[in-house]
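Chains, contacts and geometry: an overview
Here are the chains, one letter per residue:
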Amino acid sequence: MREQTHAATTGPGLRERKKAQTRDAIRTAALDLFEERGFEGTTVDQICARADVAHRTFFRYYESKEALLFGWGFGRHIVDRFAAAPADLDLWAALAHAFDGYTNGTADEPAGTMVRRRELRRRFADIRSVHEFAILRIDALAQDAVGIAAARLGVDPDQDLRPRALGALLAGLTRRVVVDGGTEGAAAWVAALRDVLPTTDRAEVAGDTESSPRTGPSRSS
């Protein structure tokens, strides 16, 4: 019984470690090949051969070759921390909280890997499939941010512009990092946000005044 209990406890951890190893092997093989042969000169079959994984295994971890140039990255970490911000924070304080907690690198993707990705994205930014993948990923992040902001404010984003304004802000920042290759650290973005949205103006920006437009143009005209 003890052995079964021990296996049940340690089993998932072992599976997760194996998954992480496979994901890392595919990622490392792909980045190496992109550096050696270029993006267009690298195929999924070549990545699989270098990583020693089956073709179907590749697609369990990555949706496409383009996905290997990205990752959770800047935008995803910010959105996740925005969602997890304490409920008592107002919208902009929650966003500042998300930026304050951003670091370069995660437990499953060290900073060095993120640097390699950024350099490769810059190198291949003009390739159509890479650019289109980036735009789709950024749009998805922005939509997530809109939903989170709307839930925090308790509003309908089709009737209240504030969640979409915040989503557009995050989309712009993410594009700067992911597409344009910006290397500004999180602290610089926090400082810029606070300069644009100073503490004294946050209540007004949050939409508490009647003068702040919340909805789009009237359709009655």
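Just above sits the structure.
It should be emphasised that the depicted structure is a prediction, and the values quoted were computed from it without experimental measurement.

A few points about the environment of valine 53
Residue placement: valine 53 occurs in the loop between helix H2 (44-51) and helix H3 (55-61). Note: C-alpha distance between valine 53 and isoleucine 26 (27 residues apart in sequence) is 7.8 Å. Beyond its immediate chain neighbours, meaning those up to four positions away, valine 53 contacts Thr22, Ile26 and Cys48.

Here's the deal with the pattern of salt bridges
Under the definition given, this model contains 12 salt bridges. Lysine 19 serves as the salt-bridge partner of glutamate 16, at 3.8 Å between the closest nitrogen and oxygen. Of this pair, glutamate 16 and lysine 19 both sit in helix H1 (residues 2-37), 3 residues apart, which is roughly one turn of the helix. Assessed through its relative accessible area of 47%, glutamate 16 is described here as partly exposed. Residue aspartate 24 pairs with arginine 27 through a salt bridge whose shortest N-O separation is 2.8 Å. In this pair, aspartate 24 and arginine 27 are both assigned in helix H1, 3 residues apart and thus about one turn of the helix distant. Classification of aspartate 24 as partly exposed rests on a relative accessible area of 33%.

Considerations on helix H7 (residues 128-153)
Taking 1.5 Å of rise per residue, the 26 residues of H7 would be expected to cover 38 Å, and the 37 Å separating its terminal C-alpha atoms lies within 8% of that figure. Of the residues making up H7, those classed as buried are Val130, Phe133, Ala134, Ile138, Leu141, Ala142, Ala145, Val146, Ile148, Ala149 and Ala150. One or two positions beyond H7, positive phi appears at glycine 154, with a value near 70 degrees.

Quick notes on the rules
Position numbers for residues count from 1 along each chain, tracking the sequence in the order it is written. With the structure being a predicted model, the display of local features is reserved for residues of pLDDT at least 70 and the display and counting of side-chain atom pairs for 80 or more, all residues being used for whole-chain, interface and lining totals. For side-chain calculations, the full set of non-hydrogen atoms in the structure is used, while hydrogens and water are omitted. To qualify as a helix, a DSSP run of H or I must reach at least 4 residues; to qualify as a strand, a run of E must reach at least 2; elements of each kind are numbered from the N terminus. Here, residues are in contact when the closest pair of their heavy atoms is within 4.5 Å. One speaks of a salt bridge when a side-chain nitrogen belonging to Lys or Arg is within 4 Å of a carboxyl oxygen belonging to Asp or Glu. Only protein chains enter the accessibility calculation, which uses a 1.4 Å probe. A residue is then buried if its area is under 20% of the maximum for its type, exposed if over 50%, and partly exposed in between. For a helix, the expected span equals 1.5 Å multiplied by the residue count minus one.

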